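Spelled out from the first residue to the last, the chains are:
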Amino acid sequence: MTAPRLTVLPNGFRVVSEAMPGLASASVGIWVEAGARHETAEQNGVAHFLEHMAFKGTDRRSALDISEQIEDVGGYINAYTSREMTAYYARVLQADVPLAVDILADILLNSTFEPREIEVERGVILQEIGQAMDTPDDVIFDWLQEAAFPAQPIGRSILGQSRQVGSFGRDDLRGFVGRHYGPQQMILAAAGAVDHDALVDMAGEAFGGLPRLPLVVPESARFFSGERREVRDLEQAHFALAFEGPGYRDADFHTAHVFATALGGGMSSRLFQKLREERGLCYSIFAQAGAFADTGLITIYAGTGAEELAELSTLTIDELKRSAEEMSEAEVARARAQMKAGMLMGLESPSARAERLARHLSVWGRVPDLDDALARIDAVTAPRVRDYAQRLAGGGRAALALYGPVAGGPDLVALSRRLAA
């Protein structure tokens, strides 16, 4: 493995790569620092719509050309939208990296947004929204996000609402690109069998002439103690509880992730052992930490029966409070090991490497050394985790989402009181 290399073009476009000797393939993509969080209320869903339309044809290629040209060389191409970023990426053999970069540049710079294709893709996205609504353990996290950050861009669904998606046209798509797809908002990241200098040349030819755009700073996040309850005749009651967590740059970032892993990150975790193995109250339960630029969420999720929901929710609060007093060094060491192994195993993939390069460059303006990241995890001790858990529980501020047979289920006021008791 070689150290990552970074080059910034005169217009602010960034190229970052990491060669992985011994590989015959490469992952290459363009990460754009624009996602659902950069939308206005009226635009909600347009970033995701735009991602779909990227593959529907350009001035040089039809939709079929795009898919055939990448698959003719055995590669694949895809994209995703998050709240803070949109990514377009491909995996190809070493000799086909120039083709992948050319196609990615083409779909980003030359998409035609033909009205007929917009209508076709609108139907696809409306079906995607409908499918999400029929998938309780997906949609409940959107509702939890909305309950935690109401009436804010960061709290809105990435997919958007059917009403707005049904009205988007070519001008909406071009307007979002024209405001948010400037060169200083883009990162070309690649890992595997890649030549950095060649990538810089490709990037300069494709993106070097783009004019800078004014940077758009998204609205700051403000966490609220909100509740969203949707009663529906389902087999299971879905329970999701969130506390405000640290953002990427916060000093507590690694502590929060170690805490969430020890609390509910695996089969040996406190929540899994207490609520599933000892009490049999659920099949699925976990805790996780997620981060954004200026905030984060510590989330606990469980799927359970309507009759078990009340007991599960109160025991979850009790276990959270106990962790603030009892979290042992052995539990913290196990969580640290899980995090480090997950990170290192994931980075054996060039796709994960490229993702890491882009995200770290976006957050910190540099790519931290991997040993530094592992050292920061190792520096998290049991006293630090207990202190963090005490502050989390002592704050008493949480958001709650419930879905399914939850008419008589717990409410946020009662859970907050138990937390504060």
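Conventions used here
- Residues numbered from 1 in each chain as written.
- Predicted model: local features only at pLDDT ≥ 70, side-chain atom pairs only at ≥ 80, totals over all residues.
- Heavy atoms only, no water.
- Axes fitted to C-alpha atoms, helices over the stretch in contact; angles between N-to-C directions.
- Helix = DSSP H or I, 4+ residues; strand = E, 2+ residues; numbered from the N terminus.
- Left-handed = near helix turned anticlockwise from the far one by under 90°.
- Contact = heavy atoms within 4.5 Å.
- Nonpolar A, V, L, I, M, F, W, Y, C, P; charged D, E, K, R; others polar.
- Salt bridge = Lys/Arg side-chain N within 4 Å of Asp/Glu carboxyl O.
- Buried < 20%, exposed > 50% of the residue type's maximum accessible area, 1.4 Å probe, protein only.
- Pairing = 2+ DSSP bridges.

S.K.: Summarise the packing of helix 11 (residues 309–326) against helix 15 (residues 382–395); cite the residues concerned and give the values.
M.R.: It is at 7 Å that the axes of helix 11 and helix 15 come closest, and there the two elements cross at 145°. In this structure, helix 11 meets helix 15 at a crossing whose hand is left-handed. Here helix 11 contributes Leu-320, Ser-323, Ala-324, Glu-325 and Glu-326 to the contact with helix 15, which in turn contributes Arg-386, Ala-389, Gln-390 and Leu-392. Classifying every residue of the contact of helix 11 with helix 15 gives 4 nonpolar, 2 polar and 3 charged.

S.K.: Mind laying out the pattern of salt bridges, listing which residues take part and the relevant values?
M.R.: Pairs can form between side chains of opposite charge once their charged atoms are near each other. Under the definition given, this model contains 34 salt bridges. For Arg-270, the salt bridge is made with Glu-326, and the minimal N-O distance between the two is 3.8 Å. A residue pair is termed long-range when its members are at least 10 positions apart, and Arg-270 in helix 10 (residues 270–278) and Glu-326 in helix 11 qualify at 56 residues. One salt bridge connects Arg-418 with Asp-318, and the closest N-O pair in it is separated by 2.9 Å. Linking Arg-418 in helix 16 (residues 412–420) with Asp-318 in helix 11, this pair joins segments that are 100 residues apart in sequence. Overall, Arg-418 belongs to the partly exposed group, its relative accessible area being 35%. The exposure class assigned to Asp-318 is buried, which follows from its relative accessible area of 17%.

S.K.: Account for the pairing of strand 4 (residues 76–81), with residues named and values stated.
M.R.: With burial as the criterion, only one face of strand 4 is covered, namely that bearing Ile-77, Ala-79 and Thr-81; the residues Tyr-76, Asn-78 and Tyr-80 on the opposite face remain uncovered. Between strand 4 and strand 5 (residues 86–93), which pair antiparallel one after the other, the connecting turn spans 4 residues.

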